[in-house]
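Structural overview
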Amino acid sequence: MKDIKGILLGIGIAAAVLVTLSFYVLNAGNIELEEFFLIGIVIILVVSAMYIIWDRIKNVNKGLPAQDERLKLTNYKACSYGFIASIWSAVGIPLISGILFDFEMPGNYVTAVVVLCGGLTFMISYLYFAYKGE
Amino acid sequence: MKTRIKELRARYDLTQEELAKKIGVRRETILFIEKGKYNPSLKLAHDIAKALQTTVDELFIFKDDE
């Protein structure tokens, strides 16, 4: 029951993100290249989350648990990598954009990049550790 | 660390999935333990040993240099 609740919550969050993203795209008017890049990362994150949810549904249907001790450890490990990536991107991305492109990043862009960098690092490390082993 | 899980599974004619169901873990976890890519907790090691009707120290072979 706990597994099913988790799966339903995951589907709900992914659907909410997609609905929000579609509202944004429909009302944004002209979308610039940087925004395309950020939207692409969000779509990659949602697709990866859907893959993880589908894998959990497959396991629950077979009578296996959606998550076990190895996946919990994998989750913690991926979370810590995501956290480190967020901190480094908060410091590094404004610096790089300032030095290399002579562009001072607005605060909302930095926030978006930090969230997306953390999320992407979490997803990549989670999928790597979960399906390739440690 | 090496394990005898594969050997004992074959003895009891169990697939990785059947053993995983018995213990309550995912199939990949059994696969990674067999390959030596994941060190299970003491409780999981005990559960696997129990499911394969053996003891933890017979199931896992430790080398001193590890």
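See above for the structure.
Residues numbered from 1 in each chain as written. Chains lettered and ligands numbered in written order. Predicted model: local features only at pLDDT ≥ 70, side-chain atom pairs only at ≥ 80, totals over all residues.

**Things to note about the overall build of chain B**
Going by this rule: Comment: elements are numbered from the N terminus, with helices defined as DSSP H or I runs of at least four residues and strands as E runs of at least two. Only C-alpha atoms enter the radius of gyration, while the globule expectation follows 2.2 Å times N to the 0.38, with N the number of residues.
What chain B contains, in helices and strands, is 5 helices and 2 strands. For chain B, the N- to C-terminal ordering of α and β elements is β-α-α-α-α-α-β. Against the globule reference of 11 Å for 66 residues, chain B gives a C-alpha radius of gyration of 11 Å, in line with a compact fold. Over its C-alpha atoms, taken along the principal directions, chain B stretches across nearly 35 × 20 × 20 Å.

**A short note on the interface of chain B and chain A**
The accessible area lost on association of the parts is a frequent measure of interface size. Test applied: By the convention adopted here, residues make contact when the C-beta atoms placed from their backbones lie within 7 Å. Residues are grouped as follows: Ala, Val, Leu, Ile, Met, Phe, Trp, Tyr, Cys and Pro are nonpolar; Asp, Glu, Lys and Arg are charged; all remaining types, including Gly, are polar.
Tallying the contact residues gives 13 residues for chain B and 10 residues for chain A. Those elements giving two or more residues to the side of chain B that touches chain A turn out to be α2 (16-23) and α3 (27-35) of chain B. In terms of residue count, the dominant contributor to the side of chain B that touches chain A is α3(B) (4 residues). Of the residues assigned to the side of chain B that touches chain A, the class counts are 5 nonpolar, 3 polar and 5 charged.

**Observations regarding the environment of B:Leu59**
Residues and elements named next belong to chain B. To keep it simple, the criterion reads: Here exposure depends only on C-beta density: within 10 Å of a residue's C-beta, 20 or more other C-beta atoms make it buried, 12 or fewer make it exposed, and intermediate numbers make it partly exposed, the C-beta atoms being placed from the backbone.
With respect to the element layout, Leu 59 can be found in helix α5 (residues 56-59). Exposure remark for Leu 59: the 21 C-beta atoms within 10 Å place this residue in the buried category. Taking C-alpha positions, Leu 59 is 14 Å from Ser 41, a pair spaced 18 residues apart along the chain. Apart from the residues lying within four places of it in its own chain, the contact partners of Leu 59 are Thr 3, Arg 4, Ile 5, Ile 48, Ala 49, Leu 52 and Thr 54.

**Focus on the environment of A:Ile41**
Residue placement: A:Ile41 occurs in helix α2 (residues 33-61). The residues touching A:Ile41, leaving out its near neighbours within four places in the chain, are A:Leu116 and A:Leu120.

**Comments concerning α2(A)**
Note the cut-off: To estimate the expected span of a helix, subtract one from its residue number and multiply by 1.5 Å.
For α2(A), with 29 residues, the first-to-last C-alpha span of 42 Å sits near the 42 Å given by 1.5 Å per residue. Where α2(A) terminates, the next one or two residues include A:Gly63, which has phi positive at roughly 90 degrees.

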